[in-house]
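These are the residues of each chain, in order.
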Amino acid sequence: MHILIATRRPNELSAFADALLRETGAQLLFADSWTNVLATVKVIPPAFVILDEGLAEGKPLELARQLVTVNAMINTAVVSPLGAEEFHEASEGLGILAPVPAHPLEQDGVALAAVFKRFM
């Protein structure tokens, strides 16, 4: 199983990613652009995709909309500074499993892994 993390800050997310790896046993893949995310999804369809803020091409919810057109079955989590209600409104209809805090820590990786395990 693969988890794709779309981010330009893999070092900053290392504790979060390490917790995901430890808790799920998945192979982690990283992409730093929309082009790389879309190409990876087509070649190695991951079980889960985590979309971080800060990709040059646009916001993660916009990329989530594009991912749905490539593969509507992709399970996605999105890094977002929005509150729970705002996030729900902004992401409605995109099939996003969970929001991730803007600066995710190890415990956020453990929590997201628990969400992912329900879909494995």
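Quantities reported herein were computed from a predicted structural model and do not represent experimental measurements.

*Asks:* Provide a residue-level description of the nonpolar core, including the pertinent values.
*Replies:* Of all hydrophobic cores here, the largest spans 20 residues; its most connected members are V37, L51, L63 and L67. Among the nonpolar cores identified, the runner-up in size contains 18 residues, and F48, A98, V115 and F116 belong to it.

*Asks:* Can you explain the pairing of strand β5 (residues 96-100)? Please cite residues and give values.
*Replies:* Two elements, strand β4 (residues 75-79) and β5, share 4 bridges in a ladder whose sense is parallel. By the bridge assignment, V78 is partnered in β5 with P99. Handedness of the β4-helix α4 (residues 84-91)-β5 crossover: right-handed.

*Asks:* Before we move on, can you summarise a negative patch on the surface with the specific residues and values?
*Replies:* Judged by side-chain charge, E85, E86, E89 and E92 come together as a negatively charged surface patch. For E89, the position within the fold is in helix α4. Residue classification places E89 among the exposed positions, given a relative accessible area of 55%.

*Asks:* Describe the sheet that holds β4, listing the residues and the values that go with them.
*Replies:* Read from one edge of the open sheet, 5 strands run β2-β1-β3-β4-β5, paired in parallel fashion. Two strands in the sheet have a free side with no partner beyond their single neighbour: β2 (27-31) and β5. Averaged over all neighbouring strand pairs, the angle between strand axes comes to 20 degrees, with direction disregarded. Inspection of the sheet shows strand β1 (residues 2-6) paired to β2 by 5 bridges, in the parallel sense. Residue L4 lies in a different strand from β2, and its bridge partner there is L29. Against the sheet, helix α2 (residues 34-43) touches β1, β2 and β3 (48-51), its axis set at about 165 degrees to β1.

*Asks:* Lay out the confidence of the model for the protein chain in plain terms, naming residues and giving numbers.
*Replies:* When pLDDT drops low, the exact placement of atoms in the prediction is not to be read closely. Here the protein chain averages 92 in pLDDT, and 100% of its residues register 70 or above. For the protein chain, α4 is the element with the lowest average pLDDT, namely 87, and helix α1 (residues 14-24) is the one with the highest, namely 97.

Reading the values: the criteria
- Residues numbered from 1 in each chain as written.
- Predicted model: local features only at pLDDT ≥ 70, side-chain atom pairs only at ≥ 80, totals over all residues.
- Heavy atoms only, no water.
- Core = buried A, V, L, I, M, F, W, Y, C linked by side-chain atoms within 4.5 Å.
- Buried < 20%, exposed > 50% of the residue type's maximum accessible area, 1.4 Å probe, protein only.
- Pairing = 2+ DSSP bridges.
- Helix = DSSP H or I, 4+ residues; strand = E, 2+ residues; numbered from the N terminus.
- Right-handed = clockwise from strand over helix to strand, strands pointing away.
- Patch = residues over 30% accessible without salt bridge, like charges linked within 9 Å, V, L, I, M, F, W, Y side chains within 5 Å.
- Areas by Shrake-Rupley, 256 points an atom, 1.4 Å probe, with all protein chains shown as cover.
- Salt bridge = Lys/Arg side-chain N within 4 Å of Asp/Glu carboxyl O.
- Lys, Arg positive; Asp, Glu negative; His and termini not counted.
- Charge placed at Lys NZ, Arg CZ, Asp CG, Glu CD.
- Axes fitted to C-alpha atoms, helices over the stretch in contact; angles between N-to-C directions.
- Contact = heavy atoms within 4.5 Å.
- pLDDT = per-residue confidence, 0-100.

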